[in-house]
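# Structure assessment
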Amino acid sequence: MTVTEETAPASHYERIGGATSVKAAVDLFYDRVLADPELAGYFTDVDMPGQRRHLALMLTVVLGGPNEYAGRSLAEAHQPLGIPVRHYVKVGEHLTVTLTELGVPGDIIADVQVVLGQVQDQVVASGNPASA
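These remarks concern the structure in this document. (Residues numbered from 1 in each chain as written. Predicted model: local features only at pLDDT ≥ 70, side-chain atom pairs only at ≥ 80, totals over all residues. Heavy atoms only, no water.)

## Looking at the environment of Leu57
Here Leu57 lies in helix H3 (residues 48-62). Sequence-wise, Leu57 and Lys23 are 34 residues apart; in three dimensions their C-alpha atoms are separated by 9.3 Å. Once residues within four sequence positions are removed from consideration, Leu57 is found in contact with Glu68 and Tyr69. (Helix = DSSP H or I, 4+ residues; strand = E, 2+ residues; numbered from the N terminus. Contact = heavy atoms within 4.5 Å.)

Next up, the structure:
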């Protein structure tokens, strides 16, 4: 009998190509969001290079990569903005289109969408129920 070494399955982060792919996704995603007249106003006074870095770090964690995020919590960063559900949904749609366009496998996109559903209440303004 031969004992074979089992290897851990590749994380989503590794499967899509790691940091380079995450950065490409973040850049394309923000290009889309900033071109969307309903969403662009949220970023008028935002340090976009810093914002892109933050999202890359957060997306890395969501995809099972190294956790190097040390920024504010989602609720702390987003609750003061009064984000309605419809804008949250639009952002999620932009992310899904971006990942699809970049050839990210469907199972990974589905997992990202699950996380978006799980964190919605942290981002959407309090008193703005998911059914709105």
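Now that the structure is up, let's keep going.
## A short note on the packing of helix H2 (residues 19-35) against H3
Axis separation between H2 and H3 bottoms out at 9 Å; the angle between their running directions is 125°. As the angle between them shows, H2 and H3 are arranged oblique. Crossing handedness for the pair H2 and H3: right-handed. The segment H2 lies against H3, with Val22, Val26, Asp27, Phe29, Tyr30, Asp31 and Leu34 engaging Met48, Gln51, Arg52, Leu55, Ala56, Leu59 and Thr60. Here the contact of H2 with H3 is built from residues that sort into nine nonpolar, two polar and three charged. (Axes fitted to C-alpha atoms, helices over the stretch in contact; angles between N-to-C directions. Parallel < 35°, antiparallel > 145°, perpendicular 65-115°, else oblique. Left-handed = near helix turned anticlockwise from the far one by under 90°. Nonpolar A, V, L, I, M, F, W, Y, C, P; charged D, E, K, R; others polar.)

## Topic: the layout of surface pockets
Size it by volume and the largest pocket reaches roughly 1000 Å³. Considering each element in turn, the lining of the largest pocket owes the most residues, eight residues, to H3. Residues belonging to the lining of the largest pocket are distributed by class as follows: 25 nonpolar, eight polar and one charged. (1 Å grid on protein atoms, 1.4 Å probe; cavity = no way out; pocket = protein on both sides within 12 Å on 5 of 7 lines; lining within 4 Å. Points joined across faces, edges and corners; volume = space filled by probe spheres on them.)

## Considerations on the packing of aromatic side chains
Inspection of the entire model under this criterion finds two aromatic pairs. Through pairs of rings, three or more aromatic residues link up here, namely Phe29, Tyr30 and Phe43. (Phe/Tyr/Trp six-rings, centres within 6.5 Å; stacked < 30°, edge-to-face > 60°.)

## Some remarks on the packing of H2 against helix H5 (residues 85-101)
For any two helices packed against each other, one specifies the inter-axial angle together with the distance between the axes. Closest axis-to-axis distance for the H2/H5 pair is 9 Å, and the angle between their directions is 135°. The pairing of H2 with H5 is recorded here as oblique in orientation. The hand of the H2/H5 crossing is right-handed. The residues of H5 that touch H2, namely those facing Ala25, Leu28, Phe29, Arg32 and Val33, are Val91, His94, Leu95, Val97, Thr98, Leu99 and Glu101. Within the contact of H2 with H5, the residues separate by chemical class into eight nonpolar, two polar and two charged.

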